[in-house]
Each structure stands twice: as structure tokens, then as C-alpha cells.
Amino acid sequence: MPKDHGIGAATKRREDVRFLTGKGRYVDDINRFGQTYAVFLRSDVAHGRIKRLDTAAAAAMPGVLAILTGDDFKGMGGLITAWQVTDRHGKPQLEPRHPVLAEGMVRHVGEPIAAVIAETEAQARDAVEAIEIDIEALPAVVDMKAAVEAGSTQVHEGLGSNLCFDWGFIEANKAAVDAAFQTAHHVTTLELVNQRMIPNAMEPRAALAEYDSGTGQYTLTTTSQNPHVIRLVMGAFTLNIPEGKLHVISPDVGGGFGSKIMNYNEEACLTHAAKVVDRPVKWTATRSESFVTDAQGRDHVTKMQLALDKDGMFLAVRTETYANLGAYLRLFATVTPTYLHGPAAGGPYRTPLFYVNVKGVFTNTVPVDAYRGAGRPEGTYQLERLVDKAAREIGMDQAEIRRKNFVRPEEFPYQTPLAVVYDSGNYHATLDKVLEMSDYAGFEARRAASAKKGLLRGVGFSTWVEASGLAPSQLIGSLGARAGLYESATIRVNPTGGITVFTGTHSHGQGHETAFAQIVADQLGIDASLIEISHGDSDKTPFGMGTYGSRSAAVGGSAIFRATEKVIAKAKKFAAHLLEASEADIELADGQFTVAGTDKSIAWASVALAAYVPHNYPAGSMEPGLEETAFYDPSNFVYPAGAYVCEVEVDPATGKVEIAAFFAADDFGNVLNPMIVQGQQHGGIAQGIGQALMENGVYDDEGQLLSGSYMDYAMPRAEDLPMFAVDHSCITPCTHNPLGVKGCGEAGAIGSPPAVVNAVIDALHRGGHSHVTHIDMPVSPSRVWSAING
Amino acid sequence: MHNFDFAKPSTLAEAAKALQADGAQALSGGQTLIPTMKQRLAAPSVLVSLTGIAELRGVCLGDGGLHVGAATPHAVVAKEARAHYPALAALAGGIGDPAVRSRGTIGGSIANNDPAACYPSAVLASGATVVTDRRRISADDYFQGLFTTALKDGEFVTSVIFPIPQKAAYVKFNQPASRFALTGVFVAKFANGVRVGVTGAGNDGVFRWAEAERALSADFSASALSGLKVDPAGMNADLHGSAAYRANLVKVLTGRAVTAAG
């Protein structure tokens, strides 16, 4: 087998040829004959009652074909959410109707009210401006704690409360946890904010909807991480279109980060509009629209406590979090701050007792949902800031307090007190590795050198573990999931031996077309160039759940592995027949089927051809063709883990933080393609540093998004980042999937923010500003300066 | 963007005439105006491009110092002013990104007078003269607050004449999102005294820091500023920094500019 194409090879990404030469084909690149354009009228107030909506004048404008409003969708379903969280009192979450277009009320800035369909985009935009609308502005509720007070403005009248759920995890532990705090030697308390993030995928969301009035067939081409999920939820729950009549395609997609998981209002509206005007309808979000319509991330306000004994061992953790849901529930809105967040309170530590309380709150802001890491970054940030503060308070080294409390290598599989079982890991190994990479022992000399330049140098740690590879269906079903999270693959061997792999996952930056081919090439011993990966089309690929939650390799890759095993098993029957040997004696190596212990062999391509040319099979004994499908449902999550060290230099005169160095030692289990994995580490860390230092979604008291453009929303750029030193050589393979892989997509965004903030606090402490115990993200220059001088 | 008519005159006289039209708007590099029009926040009926007028382009030494044509892009100033006025060239080379520097012009910048733009600090600190199609205006009279200048309707900048100081430097602290100046300070030392122009910080746009000018005129060193305080009352405040923070930056960056000027 060509070693440079199999599992573990740093094969260059085949998809980059088209991406880097301008040949990528994104939704907005696709145009249809007779195409029309949609532009949306959106609310400019955060909360209001629509007193008048008159589209007559706009409908008479040049080129206008139709104007849709909430009335056009009243008889249809709303946008659904995929998880039923039951709260600590046994009550189901509150689920307000989420209309496709506003029905009499608007509840966040940017909420779509009407859609104009016109011959040109400019005509549609002109007509939107001509719609006569009178919105009576109502008081907006933006602050979460105010939202749950009695007498607060209600985001949804008739729902009875802005509190969607009050979740306890695990409720039965609460008394024991509280008791542990009563008797603890030391208690560390920290209150912090995990700020609102705006995803900012490079490609804005877009959709192109078509309807064939001859067949009743709809086709939606959309920027989705999971076309089958869109087909299912939009078809079955919103528009009442059976799967067979709805074809959903996600072509090249320029980044998702979670924000392209959800079924969106615009997709449903366009699909319906295509039937109304009986022509293709296209919409591409402006960047301004993206800021107020893409599902946003994070936005937690948390109080957290850690109880320690006299030796610095962790006894118990308890947290109380207000999690902002925004105005409506999107697809993963309620699972993100609960089951994806709560277990992260455990981290890589042996802490025996936990209690996590999360209050999900409706506000008049853009809906919040999964954003790279989805719940786990929030939990990890809290915990690692808390551990950092505890170490300072009891005077213990930051590496030591972590090492001491880690789950020990010999304890795996480790049953955590938080319902999950860590199947494998070695947290001591990654910590040792990062200490070596970062020359922790030499820090003092670097600090002194920085001090000579007038800069305060600090070092920060983050040791973390995440539950990813979503998800074992039985377990999540018992926790309220309304779907399974298995994955599918079909391996279609073509008659001349080439292979097309159909995967239910979707690649929007992850390099699946390269890495997945490596799996099959490795199993068959053939060249990866013979293998094509097909994804993103509900008519081609078997039903699959898509790409998010670092699941594509662990779950989707395992489905590909299993389907390839089935192909090999069938191919061996053909080979046995052709070689006149017993099937049990057939071995496959380097693309050749051989009769064990003989020199009789036949090449892969000859077997493939024989499968499709059944001229001399024994009568009735064999089914022609070579194509197999597997559905893989994982038996557990996977648990990637890592140890990160960040060194910063702080300019005390301006408060400016420079990342001097960043080191990541990760355990992703087995690695399919180390170059792609390193790219994911780099991207994740950059995104985490963006959150730690720069990005901030800020609403004013009226619910207006103040950081609604790149003039005020600070994205990290190359000049803001150092060269990262990343490593994934500490490998403990996953024990329950056939590839032994864990998942790397979210790791950097989960592990890096606390390392950065801890480093800033460390720099200030070492620089004589020990009164600063915490600075909320983003740790901007003005916040650091204010903390020093406050 | 709404539809508009487009005029590209090749002489000053044609430009002046074109700008008399109803709803006419001068266009230079378009780095602010075009995005504003794309968002439909501005809808001029006629755009009058000034970049086709040869005499508005270029950098040369002349009476009173360095003459910079109003339609000269930042990237050209960064290159061609370097030998004559390195601090000005460095400022131009630090505006925006390469695309902005290739299109954006000094005339467009100071006509717009964004309170966080870089150029106004250099024009003010240099005691430059703003030349228009009809008169000469001293820098001290030209800048009149946020997005407000001495320009009358239809009047447009043709060049800026910079007296060349003995020493000068510009130090900018970026607003993290826009990379405009959260605060930027231009310090210029002339034979008859020091001028300090501050952009980004003031709540009424670019301003001179008079106390610092006095202290630095007596002693051109960062330590001369040690006893001074900037009053936060005159400072801008937003997501990216309080008034007190900006007041601090004014002082810190002035000191750093003096040190950089040498």
C-alpha cells in the first residue's frame, strides 16, 4: 500500500486545488435559468408589536413577483428544536412557536418580517424599502437576571416566563455537594461572563430554492453542515413536504462553526416562495444580516465554586449559570448549555462531587446556539479559571495542582460522577509534554527579559477534556434528544475498481475529501486517488446527521470503515470464486487478493470488474455488484484531551496583551492525517484567542447589537497571533470505535481561552498587581488597563 | 446601492461645475463613501470622481513645504514622502490595509474628517495648509468637529501643504476591530516650537494638546510630560475604551511619539 496515502499520512488536501484556484462552488456561485431574488424586511427593534404591515405599494413596484409575510406561513409549523430538556422540577422546557416570518410580534433585531421576491436583487431591495410598516416598540429585555425577575417584560406573551428551563445536573447530588462545601478546608469562588460570540463564517449563509410544478419536487441548495437534517426538520415539521419531494444540497460551504447546523427561517421561506412564484429564488445574506441572523454563541453568566482539602485535592464543584437563549429556540439551543456544558465541569480531574445548575433564559436578542465547542468551551473556561484562582489562593504551582487532581492513567476507563465514562486518556502525559515544549522551567528568564522591555510576562495553563464525537443514540435519547446521532456511509465500488464513498457528514473546511479517502485506501491497500468522496446531497448520500461536535472522523469515519469491511467481505467471495479457493483462505493486502500460503493472487480492479460482469458465477449463488452501506452508532462519546500553555506580554501602560507563545499538547487518539489535524488545532486556537482577547457581541439595553459590524466586532487576524507550537504525539486510542480516533475540530476553541486569560492574570500578579483576580473576556487593552488602575 | 450618475472631470473647473448639481457628491478613493452607499446609508444622485484630475495627484517639494495632491493615494504618500517627511510617510503607510492604501486618498480622508482617521493628526500637528478649489485654510481653522470641516458646499480639497518639521513621529494605538486609531498622536518639532495632534480620542474630533506642546517646546523629551494630565471630560468613550482610558492613551502615546521622534 502506498504509505503516503493511508491512515496517518500527511497527505495534502485534494480539495484545496479547487479552493485555492477559485474553482470552489458555493451556493451563491450557482445560478438557474429564470432565477429570482429574495430580500427580507427585518425588524429594527428588539421587541415590538406590528400594528400595520401593508405590502400593496411594494407589490406594485417594478419586477416584484411576490411578497410573503407571516400570514403565508400561519397554517404551517414553526422552526423546531431538537432536544427536550427536563428541568430540575421535572418540567419540560418551554417551547414558544418560532415562526418563519414574524406573526404580529417581533422579538429580536433582525427577525424577518416579510420577503420580497423580485426579478433582480436591487428591485427586491427597493420594494422592501417601500413596504409600509408600523411597529409599536415595546420594552426589551436583554439582561438575563432581570429577565427572570417577577414582573419582567415577557419575550413571549402567554408563555408564562422567560425561564425556559432551570436544569440541575445531577439534582440528586445537590445535598451532598452542599455538605462538602460546609466542611471544606478551602473554597474558591469565581463569578465570570462567557461573552456572546458571533460566528462570522467567511461565507455568509445563502440559499437557492427551486420548485418543479410538473413533479411537485422541491430542491433547496443551502449553506448547511447537515443537508439531511435540514430536509427532515424543514420538510416534516415546518413546510409539510415529504422527504421524497424535497432534495437538499449543500455544495462547498465556507465555514460553519456550528452556525450552519440550524434550519433557518430564510431556507423555509425561500422553499415555499419557489412554489409561489414557480421559479428559482435565491438569497445571499449580507454581512450585516449575518450579524443579526446567524445563531450566536456562548453568553453565559456563571458563579462557580471549588471546594478543596488541605492538600489541594478537589472535593466538589458547584456552578450556577444563566445561559442566554436569545428570543427563540434554534435546533441545539437547549442541549448546548445543558448536556454539552454540564459534564465539562468534571474536566480531567478526579473531583468526586458536582452540581451544575443552568437557567436557560429568553431575551430580546438574536437566538443563541452551538458555536465551535458548544457548551464545552463555556464549561472548560469556568473550570480552568477556577482552578487557576484556587492555585493562587492556596499557593500551589499551576502545573502541580492539575497533576495532583488528574484522573490517573491506570484508572481508565474512568466512570465520572457526571454520567459519562472516559474510555481512555493520559492527562499526565500531555501535561508533561506541554511543559517540555514550553520550557516551563526557563520561564523566569523570559519573564526577566520581558521586564527589561517594560512588559509584564505571564504564563497560563489549561488542561481539559471534552465529550465529543456526537453521539451514542441510546444515551442521548434517554437525556431528551429527539434524534439519533449515528452516521452513515455507502461504499460504491465502480466496475473498473475506483470507489465513490458517500458520507452523511459534510465537509466545510475539515478536509474530509482527503482524510476519508485515506481510511478506505488504507483498508483496501489501493491508491487514494482511486477514491472519491461524495457528500452534501440528500439524493446521493444515505441518511446521515452531518458535521458538528467533532463527530466526522469518530462517527462518520467509523461508518466508512464498517462499510468498507462489508465491501471487503463481499469482494473476498468474488476473489475466492475467481481463484478457485475457499473464501476463508483469501487475504487482502496492498490491493491484491491472495490465496493464503500460495502465489495465486488477483488484483483489486479485476475483482471489482468481475463483480459487475457476472458471466460465470455459480448459478444463483452470488449477487452481482459491489456496494455496501453501514450505519455506525457509537457506544460512547469520545474524549479528546489536551494541555495548553500560553505566555503573554502585557504592556502595563496601555493594557495591550500580546501572545508571546502558545503551546498545545493534544491527545486525539489515532490521527488520520496529521497535517489536517494540525490545521484544525491552529484554527481552533486562533478562534479561542479571538474570544479570549478580542471578540464581543454586545447589546445595549434596547436590544440593539452595538458590535454589529467589523467596525466594532474584533476578529483575530494573523498579526494578532504567534506561531503556534502544536503536538498530538500523546496518543491513547479511543477504545470503542474501529479507528481509535477521537476528534480534533473543536479542541483548540475549547482549550485555549482559559490558558490566555490565566496567563494575563499571572502576568499582572507577577508584575505586582495582585489585586486583579479576574478580568472578563475579551481581555481587551482597556479592560486590562482598568483592572490595573481600578 | 441606489443608482446614481457618474462624472469624471479632468479639470478643476469641470469638477467645480459638476459639484454644483443637485445631490452631487465628490468621490475620491471611495473607501468610506462606497461602503456607505452599498448599505444605502448614502444615496447621492451624482458622484463626481476627482481622481481623473492630474494636478490633484502627486507629492512634491514646493513653497511652504511638502505638497501632497488631494487625490494622492496613501500608498503613494507612503513611498514618495519618505525622503522628505518620514513621519508623514509612515503614517500613510499604516492606514487601513493595502487595498485601502491603494485607493484611499488624503483629500478624501480630511474632507470626511472621521474622528478616528490618522491624517487629521498629521495635518494639525504639522500646521499644514489645506488648499481648496477656491482658497487656503490653515489646519487650525479647517477641522471643526466630528465629520465637520470648514469646507463649504461644493468646495473640495486640492492639496495639502505640510511644513516639514525638524523631528516628528506618529504613534497609533489600534481600535481592535476597525484598526482605526483608538488614539493616535502626531508630534512635530519645529524651530519655533512643538505641535501635538491627537486623533481618535477627543469627543469633538482631532485636537491639539496644548499643555504637552508647551512642555515639549521647553524640553523635547518624554519625561517632560510626566506632570501632565489629560482631562477625561473631553474624551470619547465607547465599547473599546472609556474616556479615562483614552486620556491615558493620549499621554502614553505622546511620550512614545516623542521618543520615536528622537
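Everything numeric in this text was worked out from a predicted model, so none of it was measured. (Residues numbered from 1 in each chain as written. Chains lettered and ligands numbered in written order. Predicted model: local features only at pLDDT ≥ 70, side-chain atom pairs only at ≥ 80, totals over all residues.)

(A) Highlighting the overall build of chain A. The secondary structure content of chain A amounts to 19 helices and 28 strands. In terms of C-alpha radius of gyration, chain A reaches 27 Å, essentially the compact-globule figure of 28 Å for 790 residues. Counting only C-alpha atoms and orienting by the principal axes, one finds that chain A spans roughly 85 × 75 × 50 Å. Taking all 790 residues of chain A together, the buried fraction comes to 57%. Look at the contacts in chain A between residues 6 or more apart in sequence, and 81% of them connect residues 24 or more apart. (Helix = DSSP H or I, 4+ residues; strand = E, 2+ residues; numbered from the N terminus. Rg over C-alpha atoms; globule rule 2.2 N^0.38 Å. Buried ≥ 20, exposed ≤ 12 C-beta atoms within 10 Å, placed from the backbone. Contact = placed C-beta atoms within 7 Å.)

(B) A look at the pairing of strand E11 (residues 193–199) of chain B. Residues and elements named next belong to chain B. Summarising burial for E11: 6 of the 7 residues are buried, a large majority. Across 7 bridges, the pairing between strand E10 (residues 181–190) and E11 is antiparallel. Paired with Gly184 across the two strands is Thr199, which belongs to E11. With 2 bridges joining them, E11 and strand E12 (residues 207–208) adopt antiparallel strand pairing. Bridge assignment links Gly197 to a residue of E12, and that residue is Arg208. (Pairing = 2+ DSSP bridges.)

(C) Looking closely at helix H14 (residues 512–524) of chain A. Residues and elements named next belong to chain A. Between its terminal C-alpha atoms H14 stretches 18 Å, which fits the 18 Å expected from 13 residues at 1.5 Å a residue. With 13 of 13 residues buried, H14 lies mostly within the body of the structure. Looking one or two residues past H14, Gly525 carries a phi angle of roughly 75°, positive in sign. (Expected span 1.5 Å × (residues − 1).)

(D) Region of interest: the domain arrangement of chain B. All names here are of chain B. For chain B, the assigned domains read domain 1 (5–49), domain 2 (54–162) and domain 3 (167–261). Distance from the C-alpha centre of domain 1 to the C-alpha centre of domain 2: 19 Å. Taken together, the 11 residues of domain 1 in the interface contact 15 residues of domain 2. Ranked by residues supplied to the side of domain 1 that touches domain 2, first place goes to helix H1 (residues 12–18) with 3 residues. (Domains from an automatic or database assignment.)

(E) Structural view of the sheet that holds strand E5 (residues 112–118) of chain A. Residue and element names in this part refer to chain A. Strand order in the open sheet formed by 7 strands is E3-E5-E1-E12-E9-E10-E11, and the pairing between neighbours is mixed. Both edges of this open sheet fall to strand E3 (64–69) and strand E11 (246–249), since each of them pairs with a single strand only. For this sheet, the mean angle separating the axes of adjacent strands, direction not counted, is 20°. Sheet strands touched by helix H6 (residues 227–239): strand E10 (217–222) and E11. Its angle to E11, the strand with the most contacts, is close to 145°. Sheet contacts for helix H7 (residues 265–277): strand E1 (36–42), E3, E5, strand E9 (206–212), E10 and strand E12 (281–284); angle to E9, the most-contacted strand, approximately 30°. (Axes fitted to C-alpha atoms, helices over the stretch in contact; angles between N-to-C directions.)

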